[in-house]
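Analysis of the macromolecular model
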Amino acid sequence: MSKERLYLYDTTLRDGAQTPGVDFTLADKLLIAGLLDEFGLAYVEGGYPGANPQDTEFFQRRRTRKASFTAFGMVKRAGVSVSNDPGLNALLSADADAICFVGKASDYHVKVALGVSNEENLDSIRDSVTAAKNAGREVLLDCEHFFDGWKSNPDYALAVAKSAYEAGCRWVVLCDTNGGTLPDEVADIVATVAKSIPGDHIGIHAHNDTDQAVAVSLAAIRAGARQIQGTLNGIGERCGNANLVAIIPTLLLKPAYADRFDTGIGADQLGGLTILSRRFDELLNRVPDRQAAYVGASAFATKAGIHASALAKDSRTYEHVPPEAIGNRRRVFVSDQAGKSNLTSELDRMAIAYDRADQRVDSLLAELKRREAKGYAYESADASFELLARRWLGKVPTYFTVDSFHAAVERRHNAKGQLVSVSEAVVKTVVAGKTFHNVAEGNGPVNALDRALRKDLGVYQEIIEDLELVDYKVRILNGGSEAVTRVLIESADAGGDRWLTIGVSENIVDASFEALLDAIIFKLVKAEAIPASEAASPQPASVRSGGNLGVKGLVT
Ligand SMILES: [Zn+2]
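Quick look at the structure, then. Each chain has its residues counted from 1, following the order in which its sequence is written. For this predicted model, a pLDDT threshold of at least 70 governs which residues receive local features, and a threshold of 80 or more governs which side-chain atom pairs are given and counted, while totals over whole chains, interfaces and linings are taken from all residues. Hydrogens and waters are ignored; side-chain quantities use all the structure's heavy atoms.

Next up on the list: the overall build of the chain. Only DSSP runs of H or I reaching four residues or more are called helices, and only runs of E reaching two or more are called strands; each is numbered from the N terminus. Looking only at helices and strands, one finds 21 helices and 18 strands in the chain. Referenced to the eigenvectors of the C-alpha coordinate spread, the extents of the chain come out at roughly 85 × 70 × 45 Å. Only heavy atoms matter for contacts: two residues are in contact if any of them lie within 4.5 Å across the pair. Pairs at least 24 apart in sequence give 67% of the contacts found in the chain among residues at least 6 apart. Working definition of accessibility: Shrake-Rupley area with a 1.4 Å probe, residue cover restricted to the visible protein chains. Element-wise, carbon and sulfur atoms account for 49% of the exposed surface of the chain, whose accessible area totals about 24600 Å². Computed over 62 positive and 73 negative side-chain charges, the separation of the two mean positions in the chain equals 3 Å. The charge count treats Lys and Arg as positive and Asp and Glu as negative. His and the chain ends do not count. For charged residues, the charge sits on one atom: NZ in Lys, CZ in Arg, CG in Asp, CD in Glu.

Each residue is placed in one exposure class: buried if its accessible area under a 1.4 Å probe, protein chains only, is under 20% of its type's maximum, exposed if it is over 50%, and partly exposed if it falls in between. When helix α18 (residues 445–455) is considered as a whole, its buried residues turn out to be V446, A448, L449, D450, A452, L453 and R454. Packing partners of the buried residues in α18 comprise β13 (401–413), β14 (419–431), β15 (434–442), α19 (461–464), β16 (468–477) and α20 (508–526).

For a regular strand, side chains alternate in direction, first toward one face of the sheet and then toward the other. The buried fraction of strand β7 (residues 171–176) is high, at six of six residues. Side chains of β7 alternate between two faces, with W171, V173 and C175 and V172, L174 and D176 buried alike. Looking at chain direction, β7 and strand β8 (residues 202–206) are connected through five bridges and run parallel. Bridging across to β8, D176 finds its partner in A206. Here, any two strands with at least 2 DSSP bridges between them count as paired.

Our focus in this paragraph is the environment of A511. With respect to the helices and strands, A511 occurs in helix α20. Residues A511 and T485 lie 26 residues apart in sequence; the distance between their C-alpha atoms is 6.8 Å. When residues no more than four places from it in sequence are discounted, the contact partners of A511 are T485, V487, G503, V504 and S505.

This brings us to the packing of aromatic side chains. Within 6.5 Å between ring centres, the rings of Phe, Tyr and Trp (the latter by its six-membered ring) count as paired, and their orientation is classed by plane angle as stacked under 30 degrees, edge-to-face over 60, tilted in between. Within this structure, the stated rule accounts for 14 aromatic pairs. Geometrically, the ring pair formed by F24 and F280 is tilted, given 6.4 Å between the ring centres and 45° between the ring planes. With a gap of 256 residues between them, F24 in the loop between β2 (7–10) and α1 (26–39) and F280 in helix α13 (residues 273–284) connect regions that are remote in the sequence. Given a relative accessible area of 2%, F280 falls into the buried group. Residues F58 and F69 carry aromatic rings whose centres are separated by 5.5 Å and whose planes lie at 70° to one another, so their mutual orientation is edge-to-face. With F58 in helix α2 (residues 53–58) and F69 in strand β4 (residues 68–74), the pair connects residues that are eleven residues apart, well separated along the chain. For F58, a relative accessible area of 0% gives the class buried. Above the plane of the ring of F58 lies K29, whose end atom (NZ or CZ) is 5.3 Å from the centre. Only lysine NZ and arginine CZ atoms are considered, and such an atom sits over a ring when it is within 6 Å of the ring centre and within 35 degrees of the ring normal. Residue placement shows R170 over the ring face of Y7; its charged tip is 5.5 Å from the ring centre.

Salt bridges are defined by distance alone: a side-chain nitrogen of Lys or Arg within 4 Å of a carboxyl oxygen of Asp or Glu. Scanning all chains against the criterion turns up 32 salt bridges. With a shortest N-O distance of 3.7 Å, E490 and R279 are connected by a salt bridge. Of this pair, E490 sits in strand β17 (residues 484–492) while R279 sits in helix α13, and the two are 211 residues apart along the sequence. Taking the relative accessible area as the measure of exposure, R279 reaches 24% and is therefore partly exposed. Salt bridges here are not isolated pairs; linked through shared partners, they connect D466, D493, D497, K523 and K526.

Turning to α13, a few remarks are in order. A helix's residues, less one, multiplied by 1.5 Å, set its expected span. With twelve residues, α13 extends 17 Å between its outermost C-alpha atoms, agreeing within 8% with the 16 Å of an ideal straight helix rising 1.5 Å per residue. Buried residues dominate α13, accounting for ten of its twelve residues. Two residues or fewer after α13 comes N285, characterised by a positive phi angle close to 60°.

What follows covers the sheet that holds strand β6 (residues 138–144). Taking strand neighbours around the barrel as the criterion, the eight strands line up as β2-β3-β4-β5-β6-β7-β8-β9 in a closed arrangement whose pairing is parallel. Direction aside, the axes of adjacent strands within the sheet are offset by 25° on average. Where β4 and strand β5 (residues 98–104) come together, five bridges link them in parallel fashion. Bridging across to β5, F72 finds its partner in C100. The axes are straight lines fitted to the C-alpha atoms, using for helices just the contacting stretch, and the angles between their N-to-C directions are given from 0 to 180°.

Helix α17 (residues 382–392) packs onto helix α16 (residues 359–374) with a crossing angle of 140° between their chain directions and a minimal axis gap of 10 Å. You can see that α16 and α17 cross each other, and the crossing is right-handed. Listed contacts from α17 to R360, S363, L364, E367, L368 and R371 of α16 are F385, L388, A389 and W392. Following the grouping adopted for this structure description, the nonpolar residues are Ala, Val, Leu, Ile, Met, Phe, Trp, Tyr, Cys and Pro, the charged ones are Asp, Glu, Lys and Arg, and the polar ones are all others, Gly among them. Classifying every residue of the contact of α16 with α17 gives six nonpolar, one polar and three charged. We call a crossing left-handed when the near helix sits turned anticlockwise from the far one by less than a right angle, and right-handed when that turn is clockwise.

Turning our attention to the sheet that holds β14. In a beta sheet, neighbouring strands pair by backbone hydrogen bonds and run either parallel or antiparallel. The strand order β13-β14-β15 describes an open sheet built from three strands, whose pairing is antiparallel. Looking at strand neighbours, the two that pair on one side only are β13 and β15, the edges of this open sheet. Between one strand axis and the next, the sheet turns by 15° as a mean value, whatever way the strands run. Bridging between β14 and β15 involves nine bridges; their strand directions are antiparallel. When the sheet's bridge partners are listed, S423 is paired in β15 with G442.

With that out of the way, let us pick up the pairing of β17. Along β17, nine of the nine residues are buried, which leaves the element largely enclosed by surrounding structure. Burial along β17 is two-sided: the face carrying V484, R486, L488, E490 and A492 and the face carrying T485, V487, I489 and S491 are both buried. Where β16 and β17 come together, nine bridges link them in antiparallel fashion. Looking at β17, one finds that D471 is bridged to E490. One ladder, built from eight bridges, connects β17 with strand β18 (residues 498–505); its direction is antiparallel. By the bridge assignment, T485 is partnered in β18 with S505. The antiparallel hairpin formed by β17 and β18 contains five residues in its connecting segment, where G496 sits at a positive phi of about 90°.

We now examine unusual backbone geometry. Phi is positive for D211, close to 60°, though the residue is something other than glycine. Its place among the elements puts D211 in the loop between β8 and α9 (213–222).

The structure is reproduced here in structure tokens:
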């Protein structure tokens, strides 16, 4: 039996951008759009072209390959023709596959917020939909305040939805803008609307103000809606939007939905959901919610005891779905087997050759666990993980060693009597027997160290020339006097590759330096740089032993 298609619509870059404290840069938006596209979302809504220079630039060309790249904006103002409405024209000139309009579906809001007649509002909607359709776009209408509007005037709310559908809207999206409607109410209303508009043209846009946005979305699907709008990790204003990271696995893993619907997302992509969710948190510099459904670090964690021993016999005893299905893992302290299979699948993914019987694979697993206990978070730092694994299995050459570094911050009055902070760093590296003493200034000690480290790396200089530090995040773990600092650095190069490295230490400068070093070495490994002759520069055994970076006292 063929399955019905459900369409997943992501609005992280538009509604999600309303979250307090969230402010996406253009680079962030490009990265997120790419991740969503890769993951298999049907629609990626990118923002409001014409409303601000950044969104206009974002819509200068299509930013997705498979997903429908969707622009968002208001329907035209009443009393102005389509061609004289600058907002509508900015939308039409965006390089987008689809346009999602927002129009008011509540007569109260039409009167109070727009100050126009009900009929004028319907005309604006019809004309805008027609104009976008004539311009060759797929058209959607977000019916703002639909459910609240329905409760006070169902005829008008329905008239709005029907006018849009009859004017040629592919999707009429019913929005619970204030987020207070309960699942049963939504189910009843959607079922009624579906008598006038086919369900495969109805979408649901829920907010989480009663912590039920996911339940509301699923209720709407059961009542006939076939498009679900939501955001990554449920970000959004107030209490957030419907969380796609919870909805997607429910649709794919729960038979009530999985047997009936096809979301366009396969099992392979679902296996990357945990990483997607964590990467997004890191991008926002948020601590991932350990108790998040499906993807949280605690979602499949069990303390030792009766649960753990039952789990060891059959994991289904205490797990509603297999954690591997969403790329999460079981955390039980009775067996390392689950951890080892996770590790070997990561090694396979990174195309690192190993022998299953090699003791070093077990010791690498133990090392990872030890490091995670110290504060490393390798799920957010792929490049550092790959380097650690390659080093451990003996596959990273010693390109160079860092003999020492020194960083100083000075606060003083300059010649003009202004109080200034000046940072200077000295890094002593040894490349193929040659010592480099690099000195650089920066706007802080980490910036100065970064500059000094990369100032002259001898034979490798050409390879690292296009390396760029694009993001730097610091998080203090455990708090209090025993706090440790975790630094995450994102690097990019001219080829468009981006990679994340990590450092952990009680000292923020040490943690930063560790992540900076990994970033450079990863670039050299990626470029398959040929190590400068080690014969020319015999290094002390203490520096070269183990799996470390060759930096004394920095990495153990
Ligand atoms: Zn919304």
